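Geometric and topological summary
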Amino acid sequence: MIPTTMKAVVLSKPTRAEDVRLTDVPIPKVRPGWVLIKVKAFGLNHSEQILRLHEIQADYIQKPIIPGIECAGEIVDPSDSGFPKGERVVALMGGMGRSFHGSYVEYALLPVSHVFAVQTNLSWTDMAAIPETYFTAWGSIFTCLHLQKEDILLIRGGTCALGYAAIQLAKAVGCKVVATTHRERKMDLLQDADEAILDTGTLAGTLHGVTKTLELVGPKTLRDTLRCVETGGIVCNTGILGGVYALNDFDPIKEIPNGVYLTGFFSNYPTKQTMEEIVSFIAEHQITPGVGAVYSFRDIAKALFAMDHHKVDGKIVVRM
């Protein structure tokens, strides 16, 4: 039996992690094109932090809102979706936690277009570490960078969950990986890369042979990153870890070196085919999804505090 109420994180204004509380809310009624999922676990993401601390004030955010852009769980009411009841699924993006209620909740009502069946023996914790992080890493290095075995890949900002996932996928392909961090104490965390570099903010002129770059620091270092790749190389800007969200007075003619290509990956449009490919690739290459810490849902405030204050290296997963 599905209960009538559930615990959820509900936000209506900027909220510090330590002020986040679970509240009782009605379980949503299922409607055509949507499915009700019993959430088993979900990962935390930087974009949720941005929403909670700042973006919640924007007019386009429907308030109050339940945040959360991804989850793993099972179908409890399939509506007209064709999913069998009890199907193990993951869900991500498409407006989760911004345009409609997301995953910081015991039961999530989500559009069927962004819910995907997962054939895997992974635990709920490991499943929850996959959707947004590995989809973004996959899209960045394969769709945007066209990564091949012979490439030398630079990952700028490698000591985040997305960075770890990108290292795993790239090494599975067989290419050389150079990863950076701006914190010396985190250098040991890049041991899976072929080379770890302490990022001083200026890398141009210090690297040789880099053909592809995944830029996770973002606009803060993008100008420098564009000068780190060889002619014919590609830079994919995916992250904004540097806290700078746009480039002011950027002149693409002068600032993109001749023969260098700049692209970016926006993770709002996952597909069934891509999610199946990712899960199959992870199984084939025996990749263990990177989980830095696991918190219970009742300790959501502690989990968010750990994310806000960089207490955990790797993906933070919240288990129900």
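Above this text is the structure in question.
The structure presented is a predicted model; accordingly, all values stated were derived computationally and were not measured.

Quick notes on the sheet that holds strand 10 (residues 195–198)
Taking strand neighbours across the sheet as the criterion, the 6 strands line up as 10-9-8-11-12-13 in an open arrangement whose pairing is parallel. Of all the strands in the sheet, just strand 10 and strand 13 (261–264) have a single pairing partner and so form its edges. Taken pair by pair, the neighbouring strands of this sheet meet at an average axis angle of 20°, ignoring direction. On the sheet, helix 3 (residues 131–144) packs against strand 8 (152–156), strand 11 (212–215), strand 12 (234–237) and strand 13 and is oriented at approximately 155° with respect to strand 12.

Focus: the packing of aromatic side chains
On inspection of all chains with the given rule, the structure shows 8 aromatic pairs. Between the aromatic rings of Trp 138 and Phe 142, the centroid separation amounts to 4.7 Å while the plane-to-plane angle is 70°, which identifies the pairing as edge-to-face. Highlighted residues: Trp 138 and Phe 142, both in helix 3, separated by 4 residues, approximately one helical turn. Considered together, Trp 138 and Phe 142 belong to a single accessibility category, that of buried residues. Across the ring face of Trp 34, the terminal group of Arg 31 is positioned such that the distance to the ring centre comes to 4.0 Å.

Concerning the environment of Ala 117
By secondary structure assignment, the location of Ala 117 is in strand 7 (residues 115–117). Its relative accessible area of 28% is what places Ala 117 among the partly exposed residues. When neighbours within four sequence positions are excluded, Ala 117 is seen to be in contact with Phe 83, Glu 87, Arg 88 and Val 89.

Remarks on the pattern of salt bridges
Tallied over the entire structure, the rule returns 14 salt bridges. Across the pair Asp 224 and Arg 156 runs a salt bridge whose closest N-O atoms are separated by 2.9 Å. On the criterion of sequence distance, the pair formed by Asp 224 in helix 5 (residues 219–225) and Arg 156 in strand 8 is long-range, its members being 68 residues apart. Both residues of the pair, Asp 224 and Arg 156, belong to the buried class. In this structure, a network of salt bridges that share partners links the residues Arg 156, Asp 199, Asp 224 and Arg 227.

Some details on helix 7 (residues 272–284)
When the terminal C-alpha atoms of helix 7 are compared, their 18 Å separation across 13 residues agrees well with the 18 Å that a helix rising 1.5 Å per residue should span. Turning to helix 7, the residues buried within the fold contact strand 5 (88–92), strand 7, helix 3 and helix 4 (161–173). Trailing helix 7 by a residue or two, Gln 286 shows a phi angle of about 50°, which is positive.

Comments concerning helix 3
Taking 1.5 Å of rise per residue, the 14 residues of helix 3 would be expected to cover 20 Å, and the 18 Å separating its terminal C-alpha atoms lies within 8% of that figure. Most of helix 3 is tucked away: 13 of the 14 residues are buried. One or two steps after helix 3, the chain reaches His 146, where phi turns positive at roughly 50°.

As for the side chain of Glu 55
With respect to the helices, strands and loops of the structure, Glu 55 is situated in the loop between helix 1 (46–53) and strand 4 (70–77). Accessibility expressed as a relative area gives 16% for Glu 55, which makes it buried. A distance of 2.6 Å separates polar atoms of two side chains, one belonging to Glu 55 and the other to Tyr 60. Setting aside its immediate chain neighbours within four residues, Glu 55 contacts Ile 50, Tyr 60, Ile 61 and Arg 98.

A closer look at the environment of Glu 184
Within the secondary structure, Glu 184 is located in the loop between strand 9 (176–181) and strand 10. Separated by 13 residues in sequence, Glu 184 and Ile 197 have C-alpha atoms that sit 9.1 Å apart.

Structural notes on the packing of helix 3 against helix 7
At their nearest, the axes of helix 3 and helix 7 sit 10 Å apart, and the two run at 95° to each other. Viewed along their axes, helix 3 and helix 7 adopt a mutual orientation that is roughly perpendicular. Of the residues in helix 7, those in contact with Pro 131, Tyr 134, Phe 135 and Trp 138 of helix 3 are Thr 274, Met 275, Glu 277, Ile 278, Phe 281 and Ile 282. Here the residues of the contact of helix 3 with helix 7 sort into 8 nonpolar, 1 polar and 1 charged.

Basis of the calculations
Residues numbered from 1 in each chain as written. Predicted model: local features only at pLDDT ≥ 70, side-chain atom pairs only at ≥ 80, totals over all residues. Heavy atoms only, no water. Pairing = 2+ DSSP bridges. Helix = DSSP H or I, 4+ residues; strand = E, 2+ residues; numbered from the N terminus. Axes fitted to C-alpha atoms, helices over the stretch in contact; angles between N-to-C directions. Contact = heavy atoms within 4.5 Å. Phe/Tyr/Trp six-rings, centres within 6.5 Å; stacked < 30°, edge-to-face > 60°. Buried < 20%, exposed > 50% of the residue type's maximum accessible area, 1.4 Å probe, protein only. Lys NZ or Arg CZ within 6 Å of the ring centre and 35° of its normal. Salt bridge = Lys/Arg side-chain N within 4 Å of Asp/Glu carboxyl O. Expected span 1.5 Å × (residues − 1). Polar contact = N/O pair within 3.5 Å; in protein donor to acceptor, adjacent residues only side chain to side chain. Parallel < 35°, antiparallel > 145°, perpendicular 65-115°, else oblique. Nonpolar A, V, L, I, M, F, W, Y, C, P; charged D, E, K, R; others polar.

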